[in-house]
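Coordinate inspection notes
Letter by letter, the chains look like this.
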Amino acid sequence: MADVRSICAIGARGQLGLHGVLPWEGNTGREFVADVERFFDITRGHVLIAGPKTIGAIPDFARGDRTLFVIRSHMDPEWVLSQFADRVVYVGGGPAVWDVYARFIRHWDINRLPYDGDADRWFNPQWLVAGR
Ligand SMILES: NC(=O)c1ccc[n+]([C@@H]2O[C@H](COP(=O)([O-])OP(=O)(O)OC[C@H]3O[C@@H](n4cnc5c(N)ncnc54)[C@H](OP(=O)(O)O)[C@@H]3O)[C@@H](O)[C@H]2O)c1
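Notes on the structure in this doc start here. (Residues numbered from 1 in each chain as written. Predicted model: local features only at pLDDT ≥ 70, side-chain atom pairs only at ≥ 80, totals over all residues. Heavy atoms only, no water.)

Within the chain, the secondary structure is distributed over 4 helices and 7 strands. Ordered by position from N to C terminus, the α and β elements of the chain give β-β-α-β-α-β-α-β-α-β-β. By the compact-globule yardstick of 14 Å for 132 residues, the chain fits well, its C-alpha radius of gyration being 14 Å. In the chain, which comprises 132 residues, the proportion classed as buried is 42%. Of all intrachain contacts in the chain linking residues separated by at least 6 positions in sequence, the fraction that spans at least 24 positions is 67%. (Helix = DSSP H or I, 4+ residues; strand = E, 2+ residues; numbered from the N terminus. Rg over C-alpha atoms; globule rule 2.2 N^0.38 Å. Buried < 20%, exposed > 50% of the residue type's maximum accessible area, 1.4 Å probe, protein only. Contact = heavy atoms within 4.5 Å.)

What follows is the structure, given as structure tokens:
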């Protein structure tokens, strides 16, 4: 079985996304820049599975040193994870993905950023206690 983890950044009330990008996109504050760097450091060498929009937002420079895999709603999660049995697999969202894959996630890495504006994608704390 893959070592299934998740990494995400949220705002003060669980904000995850806005208009297809991070709600704090373009913010050059120290915490925001450090968060992006940390995301690429932690996922380097591992597998990142996520929905089409989230994978599509990974910049070219980060595509060579990790395995990216676009998951779709018709795919069986157990089959997806079985493709990476001996790897560390990060489940990268979005929310519809976490709704289904949360029950497999052993380790959550959640960075809470100093943002409290609008969002149209939200973190759901129920994901942390999703049973199999
Ligand atoms: N703050 C963070 O850490 C973070 C992380 C990730 C994303 N985001 C934000 O979230 C937004 C993008 O996420 P998104 O949800 O809009 O799009 P997304 O990344 O494409 O993820 C959702 C899509 O994943 C697919 N999917 C794959 N497996 C699925 C399953 N088992 N059940 C249901 N759907 C499944 C579905 O597409 P199909 O039905 O077409 O297959 C679904 O529409 C952006 O605003 C982005 O910035 C933020």
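The next point concerns the packing of aromatic side chains. The tally for this structure, following the rule as stated, stands at 11 aromatic pairs. Seen from their ring centres, Trp-98 and Trp-127 are 5.3 Å apart, and the 45° between their planes marks the pair as tilted. Pair noted here: Trp-98 is in helix 4 (residues 95-101) and Trp-127 is in the segment after strand 7 (121-122), with a separation of 29 residues, a long-range link. Like Trp-127, Trp-98 is buried. On the basis of an interplanar angle of 80° and a centroid distance of 5.1 Å, the ring pair of Phe-123 and Trp-127 is categorised as edge-to-face. Phe-123 gets classed as buried once you look at its relative accessible area, which sits at 12%. One aromatic cluster is present, built from ring pairs that chain together Trp-98, Trp-108, Phe-123 and Trp-127. (Phe/Tyr/Trp six-rings, centres within 6.5 Å; stacked < 30°, edge-to-face > 60°.)

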